[in-house]
Amino acid sequence: MVKSKKQQLKLDTTQTSALCDKALSLDNVPSLTKQVLLEVMSNSDNSCSIPKNTDLIAAYKLIHTDYTSRNAAGVYSTWINISNYYSSIADHDPRILYMVMRSCLNNKNYKAACKDIISRLSPNIYCNDPLILPTIIDYITKNADLSLAEDIMNNVNEHIKPNNTQNGLLSKRFLSSLLKMHLKFNDSKGVDCVLKQIHDTFGAYSQENYQAIVSHLLKTKTLDNIVKAVNIVSTIPPKQALLAYSSIINAIVEWQMRRASDSQLGAIVGDPGIGVDSVPIAERAAPDLLRRMIFIDAVPCDV
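Now for a description of the structure that goes with this document. This structure is a prediction, so every number in the text was calculated from the model and none was measured. Throughout this document, residue positions are counted from 1 along each chain, in the order its sequence is written. Side-chain atom pairs in this predicted model are given and counted only at pLDDT of 80 or more, local residue features only at pLDDT of at least 70, and totals for whole chains, interfaces and linings cover all residues. Each side-chain value is derived from all of the structure's non-hydrogen atoms; neither hydrogens nor water enter the calculation.

With respect to the pattern of salt bridges
Two side chains bearing opposite charge may form a pair once their charged atoms approach each other closely.
For step 1, the next point in the chain: Should a side-chain nitrogen of Lys or Arg be within 4 Å of a carboxyl oxygen of Asp or Glu, the pair is scored as a salt bridge. Within the structure shown, the criterion is met by 6 salt bridges.
For step 2, the next point in the chain: Ionic pairing is found between aspartate 224 and lysine 228, a salt bridge with its closest N-O pair at 3.4 Å. Separated by 4 residues within a single helix, aspartate 224 and lysine 228 lie in helix 13 (residues 223-234), roughly one turn from each other.
For step 3, the next point in the chain: Under the scheme applied here, a residue whose accessible area is under 20% of the maximum for its type counts as buried, over 50% as exposed, and between as partly exposed, the area being computed with a 1.4 Å probe on protein chains only. For lysine 228, a relative accessible area of 39% corresponds to the partly exposed category.
For step 4, the next point in the chain: Residues joined in a network through salt bridges with shared partners are Arg102, Asp138 and Arg173. The numbering of helices and of strands both runs from the N terminus, where a helix is a DSSP run of H or I of at least 4 residues and a strand a run of E of at least 2.

Okay, here's the thing in structure tokens:
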């Protein structure tokens, strides 16, 4: 009603704090929480009535809500308003820094936020954070930034604390990100080293590890590479092969969209009939892989 009359609602400190607290307690209605917090933060731009701590808590809640709903634009918008809240960016909650980086990582419009956070964090901070460090590695892989990769890994070797090795350098999350980075830079020695570390630490490879290897092969879509990918997947334990199979099917579909040769894909799935008629490649090639995936679903899970 106040908005409709173009009037500004003025709240004193007590009222504002109470409103923020109430909004932050509404766990089951995130849209209402977000709307209230946005109004409160908007009010704070023109008033000194909001305690700084309450203002920051409201912003953190907004970032968490938008991160959960995969709203990168919302995360970025709120972060820009509070990124300079502290003189040192390291004083921000590291979980919030992680959410901002993960949300902006894959969006070219917002990935500058990742670069800014990395440049403002000291190596002693990011090298010892089990969430931020793998995300920085993912950023390097996404942008193929070899120079940054060398700087970060040198800093890790220098600044990692001994008690953080297990939770940091030997975590599944970090090793998985590291594997993708070495694959990105075609570093076969590094890939072998990471795979050995994964096997020595966990005794087996994850679905994500297999998918990373298969996806790397399929980036260059040649018949030889797809055959190699299929052969690799055929050696993987069924329950670990699901994501890798999906990557192969996606590659076949992309081939079809690019009008690849039907006869080449026929050789992959052992169906010489492909190319004889006008049936689309994806419709003929994918079922063979899908049948294997159905078999995977039939294999009982180990508890």
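Quick word on the packing of helix 8 (residues 132-143) against helix 9 (residues 146-159)
For step 1, the next point in the chain: All axes here are fitted lines through C-alpha atoms, helices being fitted over the stretch that makes contact, and every angle between N-to-C directions spans 0 to 180 degrees. Contact geometry of helix 8 with helix 9 gives a least axis separation of 10 Å together with a crossing angle of 160 degrees. By the angle between their directions, the pair helix 8 and helix 9 is classed as roughly antiparallel. Along this stretch, helix 8 crosses helix 9, giving a crossing that reads as left-handed. Mapping the contact onto sequence places Leu133, Ile136, Ile137, Tyr139 and Ile140 in helix 8 and Leu148, Ala149, Ile152, Met153 and Val156 in helix 9. Note on angle classes: values under 35 degrees are labelled roughly parallel, values over 145 roughly antiparallel, values of 65 to 115 roughly perpendicular, and the remainder oblique. We call a crossing left-handed when the near helix sits turned anticlockwise from the far one by less than a right angle, and right-handed when that turn is clockwise. Any two residues whose heavy atoms approach within 4.5 Å are treated as being in contact.

With respect to the layout of surface pockets
For step 1, the next point in the chain: Space inside and on the surface of the protein is sampled on a 1 Å grid over the protein atoms alone, with a cavity defined as a set of points where a 1.4 Å probe fits but cannot get out and a pocket as an open set with protein on both sides within 12 Å along at least 5 of 7 lines; lining residues have an atom within 4 Å of a point. Grid points are joined across faces, edges and corners, and a volume is the space filled by probe spheres set on the points. As a volume, the largest pocket reaches approximately 560 Å³.
For step 2, the next point in the chain: Lining the largest pocket are 19 residues; nearest its centre among them are Asp138, Thr141, Lys180, Ala212 and Lys219.
For step 3, the next point in the chain: Elements with a minimum of two residues in the lining of the largest pocket: helix 5 (94-105), helix 8, helix 10 (172-184) and helix 12 (207-218).
For step 4, the next point in the chain: Ranked by residues supplied to the lining of the largest pocket, first place goes to helix 10 with 6 residues.
For step 5, the next point in the chain: Nonpolar residues are Ala, Val, Leu, Ile, Met, Phe, Trp, Tyr, Cys and Pro. Charged residues are Asp, Glu, Lys and Arg, and all others, Gly as well, are polar. Among the residues forming the lining of the largest pocket, the class breakdown is 4 nonpolar, 7 polar and 8 charged.

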